[in-house]
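# Report on the structure
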Amino acid sequence: MLESLGALGGYGITSIIIIVIAFFFFVHAVKKVVGNIIGGGILFYLLNTLGITHMTWDFTNGIIVALFGVPGTIFLAIMDIIM
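What comes next concerns the included structure. Bear in mind that the values here come from a model prediction, so they are computed numbers and not experimental data.

### A few points about the overall build of the protein
Helix and strand counts for the protein come out as three helices and zero strands. Seen in sequence order, the protein has helices and strands lined up from the N terminus as α-α-α. The buried share of the protein, taken over its 83 residues, is 20%. For the protein, the accessible area works out to roughly 6400 Å², and carbon and sulfur atoms hold 80% of it.

### A few points about the nonpolar core
If you look at the biggest cluster of nonpolar residues, it comprises seven residues: F44, L47, M55, I64, V65, L76 and A77. Residues contacting L47, with those up to four places away along its chain left out, are I52, T53, M55, T73 and A77.

### Points about the packing of helix α2 (residues 59-68) against helix α3 (residues 70-82)
Between α2 and α3, whose axes approach to 6 Å, the crossing angle comes to 140°. With respect to α3, the axis of α2 lies oblique. From α2, N61, I64, V65 and F68 reach across to α3, where they touch V70, P71, G72, T73 and L76. Taken together, the residues that form the contact of α2 with α3 break down as six nonpolar, three polar and no charged.

### Topic: the side chain of T53
Assignment of secondary structure puts T53 in the loop between α1 (12-49) and α2. Those residues within four positions of T53 in sequence are excluded, and the remaining contacts are L47, N48, A77, D80 and I81.

### Some thoughts on the packing of aromatic side chains
Under the criterion given, the structure shown has two aromatic pairs. Summarising the aromatic geometry, the rings of F44 and W57 are spaced 4.7 Å apart at their centres and angled 80° between planes, so their arrangement reads as edge-to-face. Taken together, the residues F44 in helix α1 and W57 in the loop between α1 and α2 connect sequence positions 13 residues apart. The buried category is assigned to F44, whose relative accessible area is 4%.

### Notes on the environment of I74
The topology assignment puts I74 in helix α3. Here the alpha-carbon distance between I74 and F44, two residues 30 residues apart in the chain, equals 8.3 Å.

### Structural notes on α3
Between the first and last C-alpha of α3 there are 18 Å, a value that for 13 residues agrees with the 18 Å anticipated at 1.5 Å per step. When we look at burial in α3, the residues that qualify are G72, T73, L76 and A77. All buried residues of α3 lie within an arc of 140° about the axis, which places them on one face of the element. Facing away from the buried side of α3, by more than 90 degrees, are the exposed residues P71, I81 and I82.

Cut-offs and rules
- Residues numbered from 1 in each chain as written.
- Predicted model: local features only at pLDDT ≥ 70, side-chain atom pairs only at ≥ 80, totals over all residues.
- Heavy atoms only, no water.
- Helix = DSSP H or I, 4+ residues; strand = E, 2+ residues; numbered from the N terminus.
- Buried < 20%, exposed > 50% of the residue type's maximum accessible area, 1.4 Å probe, protein only.
- Areas by Shrake-Rupley, 256 points an atom, 1.4 Å probe, with all protein chains shown as cover.
- Core = buried A, V, L, I, M, F, W, Y, C linked by side-chain atoms within 4.5 Å.
- Contact = heavy atoms within 4.5 Å.
- Axes fitted to C-alpha atoms, helices over the stretch in contact; angles between N-to-C directions.
- Parallel < 35°, antiparallel > 145°, perpendicular 65-115°, else oblique.
- Nonpolar A, V, L, I, M, F, W, Y, C, P; charged D, E, K, R; others polar.
- Phe/Tyr/Trp six-rings, centres within 6.5 Å; stacked < 30°, edge-to-face > 60°.
- Expected span 1.5 Å × (residues − 1).
- Arc of directions from axis to C-beta.

Pasting the structure below:
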């Protein structure tokens, strides 16, 4: 049976376990990153809609929110209030 698996023959169980562990780590990391980006976008929208700040959505602000999420949006709001 193991001979028919080819390259996975001697490392079949180990490689499957490593792939499963890597998949779970990847899923959790992606979920947190995407959730942070969506949260940052929602916070950006709410800050503008409620009139707390009036930030314009441009390319730079989009990149900051995409890279840093909620902390990036808070930084943009503070910078908008100060300047």
